[in-house]
Every structure is written in C-alpha cells, then in structure tokens.
Amino acid sequence: MTATPGRAIPSAACDTAVPYERRRPEETTLYQVVHDHLDTFLAQVEQETGTGLPQFVKDEFEAFLECGILAHGFLRLRCGACAHEKLVAFSCKRRGFCPACGARRMAETAAHLVEHVIPHVPVRQWVVSFPIPLRHLFASQPHLLSPVLQVIHRALSTFVRHQAGVTHAQAQTGAVTLIQRFGSAANLNIHLHCLMLDGVYRLTDGDPVFQPVPAPTTDQLQALLTRIITRLLKTLTRHGALMEEDTEIPYLTNPDADPALAPLQAAACTYRIALGPRAGQKVLTWKDPALRLASQETPQSQGCVSAQGFSLHADTYCGPHQRQKLERLCRYITRPALSHKRLRLTPTGEVVLQLKTPYRDGTTHLVMTPLEFLQRLAALVPRPRLHLIRFHGVLAPNAALRSQIVPGEADQATAFNEAGEAPSAATRARMNWAQLLKRVFAIDLTICPQCGGPLTLLAAIEDPTVIAKILAHLGLPSRAPPRAPARLDAFMQTA
C-alpha cells in the first residue's frame, strides 16, 4: 500500500506549496454511502440474481473502505527541528471509483506521458465512442478491445500517412490510447481517447524527421468513421461477438457474462436501474429548462461526426510547445470516475450526483437511492489485468525508433525546472507520491506545518497493535468506523 494524498488544492498554479493536511474520507458522501449500505447491497445482489458479485468487485469496495483510514495503517513523519509528527494514511491504489487514488493515478500518468513518452511534436486527440450495445459487449468481454484497437489505430495511422503523402514503408506515426470506462453521470461508457502524433516520422539514413499534417476536414472525418465502422463490425463478427443474417445490421451474440455483474453493467450503460423496486426504470433527474434551450442553440463542433451510434471527435489539438496544455489534456482523459464535490445526500437519504456538463435536455443532476448508486459503482470496476493504456507505432515499448524520439534527459530537466522542480528529480522514471502532491496540488508533504522545517520518514506502521497504541496516544480513533449490517427490508420488492 502507498500513502494517500491529502485534501486537494483546486489549482496547481500556486506559487508556493502549502503544508499537507490529511484527508478524512469518513466525512465524504461517497464513503458514507458505501459504508452504510454495502452489506445491504451485496445481499440484494445475491437475493435477486441468485449469485454474488465477482470477488474483484467485492475487493474493490472493501479496499475503498480502508483507503485513507488511519486505523488500517499509515506512514509516520517527524520534523527534526521541533519534533512535530504527522501521520499519512495508506491508500487502496484501486482503479474503480476511489477519487483519491484515481486523482493520484491521473497525476502520475499525465506526468509520465508528457515527460517520458510523448515527443515535442504536435498531438491531436481522437475520441471514438460506440453504440450502447457495443459498450455492454466490451464491458462483459474486455478481450475484444484489443482487436478493436488494432482496427482503429490502423485506420487512423493510414489516414495520417495519406495526409502526409507517404507510405507505410516511408514513414511511421505513433499514439497512446486510453480506454475510458465512464461518463460524467457515473454511467458505464467505454470509449477511446487516442493521443496521436499529428504527423509522421520520415525514415531517413540519419535521425527520423517529423513531418506535420494538416487538420482533417469534416468530409474526411465522415469517410474515416465509415471505414472504421465497416472494419470494426467485420472484426467483431470474425471473433464471434456479432452475427449477421439476411439484414445489413448485425446483432450481438449472447455473451457468456457474469450473471450478477451483467445486469448491473447493462443498466449502467442505458442510464437505468438494474435491481430493486424500480428495476428497468430510468434514473430520476433534475432538469433546468433554460439550459435545454441554450444547448439547442449551440452548434455542433466541426471536428465531430457520427453515424450508426458511433462518433469520432478530432477537434482537440496541442502544438509542439504546448506541454502544459498537453498535460492538462492527459489529466482530463485519465481522471477518476467520481468527484467528491459532485456528490451529496438529500435530507431523505438519496444520493444526488451533479453532472460535470448539463445534458442537451437540461439535465443537471441525477437522483438515486444508495442501493441504486452502488449498482453504478459496481459496474464501473474494471476486471483485473485489464490494461487501460495502450501504446502504438513508434511509441510502443519495443518500437525501433522509440529511443530516438521520446523526450531525453535534457528535455525532462527543462520541463521540470519550468514546473518548479529540481533538475535532479527529472531523471527519475517515476515521480514519488510527495512530488506528485507538490506538482499537481501544490501540497508539500516535506514541510513541517509548525516551524517550516523538513519532515523525515520514520517508519511505515502496519502492525494493528502498534497502530492502536499510537492513535490512542494522539487521541485519534483507533478503530475503523463500524459497518452497518445488511437490511433485508431495504430492497424487498414492493407490490
């Protein structure tokens, strides 16, 4: 386990870092909902589906309840000048819905991509979204994402080479694809964010030379999307995921999905409720009519096309020297599924989720019971050993040109100096958690909040007996908050 970040500062543009303050997850809405209703939710799933949730989903919830709680372990730091001590709780390091660990992974991934992977050339973001049936298919059969990515990357790289007027033997391109599994409504929406070099590297006798390409037109995007759809459907049919009869539209085969998780995933894809008295119904929403009228007047972006439920977006561009913009883009596409700021409870105990951006119909909030909300969370948990970041072309780990084009040590040192970091830290392959806090949230874990002196790490405390003694001495709770037992009456079907 690793130390968990403290409370985030809204902007990283602060001139000076502030001392670290331990976050208190037990005070957040998300923790309270999971803590008070998890056992009831697990019992509901077992009662209505005849089987329990997969173990990896249960482990995700259990680990979240331990994340940031001092009673489950912590790091002990001390100031050498005034002997002030600080405790830093361990984190769960999960990939599902934990906002703290998701923010840490977001910061680490974005810094790694910008400083160690993506060269100083133009980059364009290509976003590919799928129809709702395919989202459910990819959630239940994630191994299909690999051939789908091959089809999409081959189509995009061929298009870029045609834009440059070269063949595959004359030039190569590269990309980093991030598989995002969620939408702003905590819905299951598997789609692809592809950060593609907006040009090609010409193969010469010496060093490879980068040649940028012009931006795609709307007609070119429409033709490219049609080509992607045709090839993708053929690939899925060849893998047995789709079947074709006499009609031109293929239909999904019956996937061998998990009997408990499959209905939760299907409901999360369609904004519906899977279990309970309101099973099959749409989630309740709050709408603002004024926002609906304003959205109808907003024209669609020229860099976005759609067809047959698919969409292709290629309007976001970062120039070769816009590294801060590129890092913000990387943070956006690797962000966690949930934010504490957008969750709250009503006086009647319902969970209100504020949308990041209002929908076209004016929807601003979703309203769910705690058990309905936990259904969404379970559907968002990715399966173990599922890689959500893929590298292609010249950015692939074993690519012959990769060592010649990725940012070198000199470029890394310059970038870190601009961000306020010491040049000596630029040679590290990974930034440690203290550097991430300072880089992204302007939180300095190495500064004593009392005298401003340096804090040093004493030990990692994991023994339950030692944990209880230290916390009791400091007047802090030595036990985790007790779990609420399952309540069978909370999910029984009503007449």
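What you see is a predicted model; the values in this text were computed from it and never measured.

Another aspect to go through is the overall build of the protein. For the protein, the helix and strand inventory stands at 14 helices and 21 strands. Within the span of the protein, comprising 495 residues, buried residues form 51% of the whole. Surface exposure of the protein reaches about 23400 Å², of which carbon and sulfur atoms provide 52%.

Take helix α3 (residues 99–117) next. For α3, built from 19 residues, the straight-helix expectation of 27 Å at 1.5 Å per residue is met to within 8% by its first-to-last C-alpha distance of 25 Å. Taking burial as the measure, the 19 residues of α3 include 17 buried ones, the bulk of the element.

With that out of the way, let us pick up the pairing of strand β10 (residues 209–212). Pairing geometry for strand β9 (residues 199–202) and β10, over 4 bridges, is antiparallel. Bridge pairing links Gly199 to Pro212 in β10.

The phi dihedral of Lys93 is positive, around 60°, even though this residue is not glycine. Its place among the elements puts Lys93 in the loop between β4 (85–91) and α3. On the accessibility criterion, Lys93 (43% relative accessible area) is partly exposed.

Glancing now at the nonpolar core. Ranked by size, the top nonpolar core spans 104 residues in total, and within it Phe41, Leu53, Phe61, Trp126, Phe130, Phe138 and Leu236 carry the most contacts. It is helix α5 (residues 145–164) that contributes the most residues to this core, 9 residues altogether. When near neighbours in sequence (up to four residues on either side) are disregarded, Leu53 contacts Phe41, Leu42, Val45, Lys58, Ala260, Leu261, Leu264 and Ala378.

Given a rise of 1.5 Å per residue, 21 residues ought to cover 30 Å, and the 28 Å separating the end C-alpha atoms of helix α1 (residues 29–49) matches this to within 8%. If you look at α1, its biggest bend is around 55°, right at His37. Of the residues making up α1, those classed as buried are Thr29, Leu30, Tyr31, Val33, Val34, His35, Leu38, Thr40, Phe41, Leu42, Gln44 and Val45. For α1, the elements touching its buried residues are α2 (55–66), α3, α7 (261–269), β16 (343–345), β17 (351–354) and α10 (370–380). Directly after α1, the chain includes Gly50, whose backbone phi takes a positive value near 85°.

Direction vectors running N to C along α5 and helix α6 (residues 218–238) enclose 150°, while the axes themselves pass 9 Å from each other. Taken as axis vectors, α5 and α6 run roughly antiparallel relative to one another. For the crossing formed where α5 meets α6, the hand is right-handed. Contact with α5, carried on its side by Pro147, Val148, Val151, Ile152, Ala155, Leu156, Phe159 and Gln163, involves Gln220, Leu224, Ile228, Arg231, Leu232, Thr235 and Leu236 of α6 and no other residues of that element.

Let us now look at the packing of helix α4 (residues 132–140) against α7. In a pair of packed helices, the angle between the axes and the distance between the axes together describe the arrangement. Close contact between α4 and α7 brings their axes to 9 Å; oriented N to C, the two are set at 150°. Between α4 and α7 lies a crossing whose hand is right-handed. For the pair α4 and α7, the contacting residues are Ile132, Arg135, His136, Ala139 and Ser140 in the first and Ala262, Gln265, Ala266 and Cys269 in the second. Grouping the constituent residues of the contact of α4 with α7 by class yields 5 nonpolar, 3 polar and 1 charged.

Looking now at the pattern of salt bridges. All chains considered together, the criterion is met by 9 salt bridges. Between Arg331 and Glu327 there is a salt bridge, with its nearest N and O atoms 3.1 Å apart. Note that Arg331 and Glu327 are positioned in helix α9 (residues 323–333) at a spacing of 4 residues, about one turn of the helix. Under the relative-accessibility criterion, Arg331 is labelled buried at 19%. The class for Glu327 is buried, based on a relative accessible area of 9%. Several salt bridges converge on common partners, so that one network encompasses Asp39, Glu62 and Arg483.

Moving on: a positive patch on the surface. Together, Arg154, Arg227, Arg231, Lys234 and Arg238 give the surface a local cluster of positive charge. Looking at the positive patch element by element, the count peaks at 4 residues for α6. Along the chain, Arg227 falls in helix α6.

Right, let's talk about the side chain of Arg124 for a bit. With respect to the helices, strands and loops of the structure, Arg124 is situated in strand β5 (residues 123–129). Judged by its relative accessible area of 6%, Arg124 falls in the buried class. A polar atom in the side chain of Arg124 sits 3.3 Å from the side chain of Asp198. If sequence neighbours within four positions are ignored, Arg124 has contacts with Cys194, Leu195, Met196, Asp198, Ala215, Pro216, Ala314, Asp315, Thr316 and Tyr317.

Spatially, 4 strands are ordered β13-β18-β17-β16 in an open sheet, and the strand pairing comes out antiparallel. The two strands at the open ends of the sheet, each matched to only one other strand, are β13 (284–287) and β16. For this sheet, the mean angle separating the axes of adjacent strands, direction not counted, is 25°. Alignment of β13 against strand β18 (residues 363–368), held across 4 bridges, turns out to be antiparallel. Among the inter-strand pairings, Trp286 is bridged to a residue of β18, identified as His365. In the packing of α1 onto the sheet, the strands contacted are β16 and β17, and the crossing angle to β16 comes to about 60°. Most of the contacts of α10 go to β18, to which it runs at about 110°, and overall it touches β16, β17 and β18.

Calculation notes
- Residues numbered from 1 in each chain as written.
- Predicted model: local features only at pLDDT ≥ 70, side-chain atom pairs only at ≥ 80, totals over all residues.
- Heavy atoms only, no water.
- Helix = DSSP H or I, 4+ residues; strand = E, 2+ residues; numbered from the N terminus.
- Buried < 20%, exposed > 50% of the residue type's maximum accessible area, 1.4 Å probe, protein only.
- Areas by Shrake-Rupley, 256 points an atom, 1.4 Å probe, with all protein chains shown as cover.
- Expected span 1.5 Å × (residues − 1).
- Pairing = 2+ DSSP bridges.
- Core = buried A, V, L, I, M, F, W, Y, C linked by side-chain atoms within 4.5 Å.
- Contact = heavy atoms within 4.5 Å.
- Bend = angle between axes of the 7 residues up to and from the residue.
- Axes fitted to C-alpha atoms, helices over the stretch in contact; angles between N-to-C directions.
- Parallel < 35°, antiparallel > 145°, perpendicular 65-115°, else oblique.
- Left-handed = near helix turned anticlockwise from the far one by under 90°.
- Nonpolar A, V, L, I, M, F, W, Y, C, P; charged D, E, K, R; others polar.
- Salt bridge = Lys/Arg side-chain N within 4 Å of Asp/Glu carboxyl O.
- Patch = residues over 30% accessible without salt bridge, like charges linked within 9 Å, V, L, I, M, F, W, Y side chains within 5 Å.
- Lys, Arg positive; Asp, Glu negative; His and termini not counted.
- Charge placed at Lys NZ, Arg CZ, Asp CG, Glu CD.
- Polar contact = N/O pair within 3.5 Å; in protein donor to acceptor, adjacent residues only side chain to side chain.

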